[in-house]
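One-letter residues, chain by chain:
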There are 2 protein chains.
Amino acid sequence: MDERREQLISVALDLFSKYPPEDVSIDDIAAAAGASRPLVYHYFPGKQALYEESLRRAGQELAGRFEEHAEGPLSERLYRVMGRYLDFVDSHGPGFSALLRGGSVAASPGTTAVIDEVRRAAHDQILLHLAVTEPSAGLRRTVRAWIANAEITSLDWLADRSVPREELQLQLVQEFVAALTLTAAREPALALELADFFAAERPEGPTGRLVRELANLLTVPNLAPQLTRLATS
Amino acid sequence: MDERREQLISVALDLFSKYPPEDVSIDDIAAAAGASRPLVYHYFPGKQALYEESLRRAGQELAGRFEEHAEGPLSERLYRVMGRYLDFVDSHGPGFSALLRGGSVAASPGTTAVIDEVRRAAHDQILLHLAVTEPSAGLRRTVRAWIANAEITSLDWLADRSVPREELQLQLVQEFVAALTLTAAREPALALELADFFAAERPEGPTGRLVRELANLLTVPNLAPQLTRLATS
C-alpha cells in the first residue's frame, strides 16, 4: 500500500465530504495534502478518478456500518445501525447530498455503481437480519423502497434539521416496521413470521413505542368507529 | 409556435422514451423526423439541449396527470392518479429509467431541475387534496418519502414486471394511507383530521381493503397477543 496515495485519497474524501465535487479542484487537494499538483497527477489521471476512488472508500465505510450482531430485538438492531448511518450522513453532508442528487456534475456510471453497491449492502443486511427463508419479490421491493425513504429523508434532514436526529432515527426504524407489517398483510407466508418478530420486540424499543402510538390513535374521536366500519364491511 | 421545432421535440421525446439518452444521436432524431442534420442544429445547439427540452415537455405532461378533481374518497382519487402515472411510466420506460438513475451521461443541472419540478408538483397536489391546514414538516417529509417510494418502485417494476400493474397501483396507494396514519400517530393535530379521512373512505376502496387486510393479520397465530402485550406495557 502506497502511503502517499492513501493520504491523497483521505484528504480528497475529507474535501469531497465538505464541498460539492464541482467546488473541489486538484489544486485544493494538493494544497490540503501538502503535495504538488504533478504528484497528485502521478497517482490519479484527474479529479474524476480521485473523486470516484474516494467515493468508493466512503461507500465501503458506509456499508461497514450496516453490519450488526444478530442479537436482540430486530427494531433495536436497526435503530443502532441507523444511528451509525446518520452519523455518516452528518459528517459527510455536502458530499452525500451532491452524490445522491443525480444532477451532480461529477455523476458518472462509476459513482452510480458505488451508490448501487451501498444500497445492495443495506438491502442484503436487512434480509439477513429478517432471516426470512426465500424473501418474496414483494418483501425485496419493500426493503428497497424503505432504503429510498431513508435516503430522501437524510437529504431533507441535511437541508433542514428541524427534526432532532434521535427522532429521525426512531421514525425511520418505525417506518420499516410499518412497511414490513403492510407487506405481511399481503403475504400469508410473511404474516406467519411476523408473530415471531413481534414476540422478540420489547415495550421500550422502537416497535413497542410504535404499537402504543398507533393504539393511542384509537382514542381520537370517531376514528375507531370508522375503522370498525371499514373492517367489518 | 414553430411547427418544425415542435415536431423535432415530439420525435426526440419518442426516441428518448424508448432508448437511454446515450443511445440516441442527432442523426437518429433527424432521420426519424425526416429532417436534415443542419436543420436540427438550426433549432437546437446540440443533443443535450434537445434532450432537456423534450424532458421538460415530458415533465409537464406527467405533472398534468397528477391533477384530479377534489371529489370522492381520497384514496380513490390517488388510485386514479397512480393509474395515469403508471401509464406514463409504462410508455416512457427506458427514458424514465435513464432519467431517474443519476448516472445517466445526460444528467445535468437542467435534467435535475425537471425531475425536482415534477416531484414538487406531485407533493403540492397531494397536500392540496389532503386539505390539511398548515402541513407540518413531518407531513411534508412523509409525502416526499412516499414520492421517492413511488419512483423506486416504478424503476423496479420496469426492470421486472413480476407484480401486475393494478396490484402495484393499489399497493402504492395503500402505502400512502399507511404512511399518513403513521405520521398522524406522531402528530395530534393530524390525528384529528384522520377521522374525517377514514369517514370519507369506502369499504371497496383502497383504504377499506387495507383496513381489512390489516385486521386479518390479527387472526395470525400469536400475533394479536404479542401486539396486546406491547400496547399495554
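Please read all numbers here as calculations on a predicted model, not as lab measurements.

### A word on the overall build of chain A
Phase 1: Along the backbone of chain A there are 12 helices and zero strands.
Phase 2: Going from the N terminus to the C terminus, chain A shows its helices and strands as α-α-α-α-α-α-α-α-α-α-α-α.
Phase 3: Its C-alpha atoms give chain A principal-axis dimensions of roughly 75 × 40 × 30 Å.
Phase 4: In chain A, which comprises 233 residues, the proportion classed as buried is 53%.
Phase 5: Of the contacts formed within chain A by residues at least 6 apart in sequence, a portion of 66% connects residues at least 24 apart.
Phase 6: When the accessible area of chain A is evaluated, it comes to approximately 10400 Å², of which 55% is carbon and sulfur surface.

### Some details on the relation of the copies chain B and chain A
Phase 1: You can overlay chain B on chain A at an RMSD of 0.0 Å; the transform is a turn of 180° with a shift of 0.0 Å along its axis. When the rotation and shift are considered jointly, the pair of chain copies conforms to a two-fold rotation axis.
Phase 2: Of the residues that chain B buries at the interface, 100% are likewise interface residues in chain A, meaning the two copies contact each other through the same surface.

### Some points on the side chain of Gln169 of chain B
Residue and element names in this part refer to chain B.
Phase 1: By secondary structure assignment, the location of Gln169 is in helix α9 (residues 165–186).
Phase 2: Among the polar contacts listed, one links the side chain of Gln169 to the backbone oxygen of Tyr79, at a separation of 2.8 Å.
Phase 3: Not counting residues up to four positions away in its chain, the partners in contact with Gln169 are Tyr79, Met82, Gly83 and Leu86.

### Concerning the interface of chain B and chain A
Phase 1: Each partner contributes to the interface: chain B provides 55 residues, whereas chain A provides 55 residues.
Phase 2: Counting the surface lost from both chain B and chain A, the interface buries some 4500 Å², and carbon and sulfur atoms represent 67% of this.
Phase 3: Counting the surface chain B buries against chain A, the share from its top three residues, Arg141, Leu182 and Leu230 of chain B, is 14%.
Phase 4: Taken together, the connections running from chain B to chain A amount to six salt bridges.
Phase 5: The residue Arg144 of chain A makes a salt bridge to Asp156 of chain B at a minimum N-O spacing of 2.5 Å.
Phase 6: The tally of links from chain B across to chain A stands at 21 residue pairs in polar contact (both at pLDDT 80 or more).
Phase 7: At the level of secondary structure, the elements contributing two or more residues to the side of chain B that touches chain A comprise α7 (109–130), α8 (137–159), α9, α10 (188–200), α11 (206–217) and α12 (223–231) of chain B.
Phase 8: If one sorts the elements of the side of chain B that touches chain A by residue count, α9 of chain B sits on top with 11 residues.
Phase 9: Residue classes in the side of chain B that touches chain A are distributed as 30 nonpolar, 15 polar and 10 charged.

### Examining the side chain of Gln125 of chain B
Phase 1: Tracing the backbone shows Gln125 of chain B in helix α7.
Phase 2: Taking relative accessible area as the criterion, Gln125 of chain B reaches 16% and is therefore assigned buried.

### Some points on the packing of α8 of chain B against α9 of chain B
Residue and element names in this part refer to chain B.
Phase 1: Direction vectors running N to C along α8 and α9 enclose 160°, while the axes themselves pass 10 Å from each other. Taken together, the axes of α8 and α9 lie roughly antiparallel to each other. Handedness of the α8/α9 crossing: right-handed. Contact with α8, carried on its side by Gly138, Leu139, Arg141, Thr142, Val143, Trp146, Asn149, Ala150, Thr153 and Trp157, involves Arg165, Leu168, Leu172, Glu175, Phe176, Ala179, Leu180, Thr183 and Arg186 of α9 and no other residues of that element.

### Section: helix α1 (residues 3–18) of chain A
Residues and elements named next belong to chain A.
Phase 1: Over its 16 residues, α1 runs 23 Å from end to end, which matches the ideal 22 Å to within 8%, given 1.5 Å per residue.
Phase 2: For α1, the complete set of buried residues consists of Glu6, Leu8, Ile9, Val11, Ala12, Leu13, Leu15, Phe16 and Ser17.
Phase 3: Where α1 is buried, its residues meet α2 (26–33), α3 (37–43), α4 (47–65), α5 (74–91) and α6 (93–100).
Phase 4: For α1, the N-terminal capping position is held by Asp2, with its side-chain oxygen 3.0 Å away from the main-chain nitrogen of Arg4.

### Here we look at the packing of aromatic side chains
Phase 1: According to the stated counting rule, one finds eight aromatic pairs over all chains in the structure shown.
Phase 2: Their ring planes at 70° and their centres at 5.3 Å tell us that Trp146 of chain A and Phe176 of chain A sit as a pair that is edge-to-face. Within this pair, whereas Trp146 of chain A is found in helix α8 (residues 137–159), its partner Phe176 of chain A is found in helix α9 (residues 165–186), the two being separated by 30 residues in sequence.
Phase 3: The cationic tip of Arg161 of chain B hangs over the ring face of Trp157 of chain B; the distance from NZ or CZ to the ring centre is 4.5 Å.

### What about the pattern of salt bridges?
Residue and element names in this part refer to chain A.
Phase 1: One pass over the full model with this rule turns up 35 salt bridges over all chains.
Phase 2: Of the charged contacts, one joins Arg84 and Glu68 as a salt bridge, the two residues approaching to 3.1 Å between their closest N and O atoms. With a gap of 16 residues between them, Arg84 in helix α5 and Glu68 in the loop between α4 and α5 connect regions that are remote in the sequence.
Phase 3: Of the residues examined, Glu68 reaches a relative accessible area of 16% and is grouped as buried.
Phase 4: For Arg119, the salt bridge identified is with Asp116, shortest N-O distance 3.4 Å. You can see Arg119 and its partner Asp116 sitting in helix α7 (residues 109–130), three residues apart, about one turn around the helix.

### Thoughts on the packing of helix α5 (residues 74–91) of chain B against α8 of chain B
All names here are of chain B.
Phase 1: Running from amino to carboxyl end, α5 crosses α8 at an angle of 45°, the nearest separation of the two axes being 11 Å. Taken together, the axis directions place α5 and α8 in an arrangement best described as oblique. In the packing of α5 onto α8, the handedness of the crossing is right-handed. Across the interface between the two elements, Leu78, Met82, Tyr85, Leu86, Val89 and Asp90 of α5 pack against Trp146, Ala150, Glu151, Ser154, Trp157 and Leu158 of α8.

What counts and how
- Residues numbered from 1 in each chain as written.
- Chains lettered and ligands numbered in written order.
- Predicted model: local features only at pLDDT ≥ 70, side-chain atom pairs only at ≥ 80, totals over all residues.
- Heavy atoms only, no water.
- Helix = DSSP H or I, 4+ residues; strand = E, 2+ residues; numbered from the N terminus.
- Buried < 20%, exposed > 50% of the residue type's maximum accessible area, 1.4 Å probe, protein only.
- Contact = heavy atoms within 4.5 Å.
- Areas by Shrake-Rupley, 256 points an atom, 1.4 Å probe, with all protein chains shown as cover.
- Least-squares fit on C-alpha atoms with pLDDT ≥ 70 in both.
- Polar contact = N/O pair within 3.5 Å; in protein donor to acceptor, adjacent residues only side chain to side chain.
- Buried area = accessible area lost by both parts, 1.4 Å probe.
- Salt bridge = Lys/Arg side-chain N within 4 Å of Asp/Glu carboxyl O.
- Nonpolar A, V, L, I, M, F, W, Y, C, P; charged D, E, K, R; others polar.
- Axes fitted to C-alpha atoms, helices over the stretch in contact; angles between N-to-C directions.
- Parallel < 35°, antiparallel > 145°, perpendicular 65-115°, else oblique.
- Left-handed = near helix turned anticlockwise from the far one by under 90°.
- Expected span 1.5 Å × (residues − 1).
- Phe/Tyr/Trp six-rings, centres within 6.5 Å; stacked < 30°, edge-to-face > 60°.
- Lys NZ or Arg CZ within 6 Å of the ring centre and 35° of its normal.

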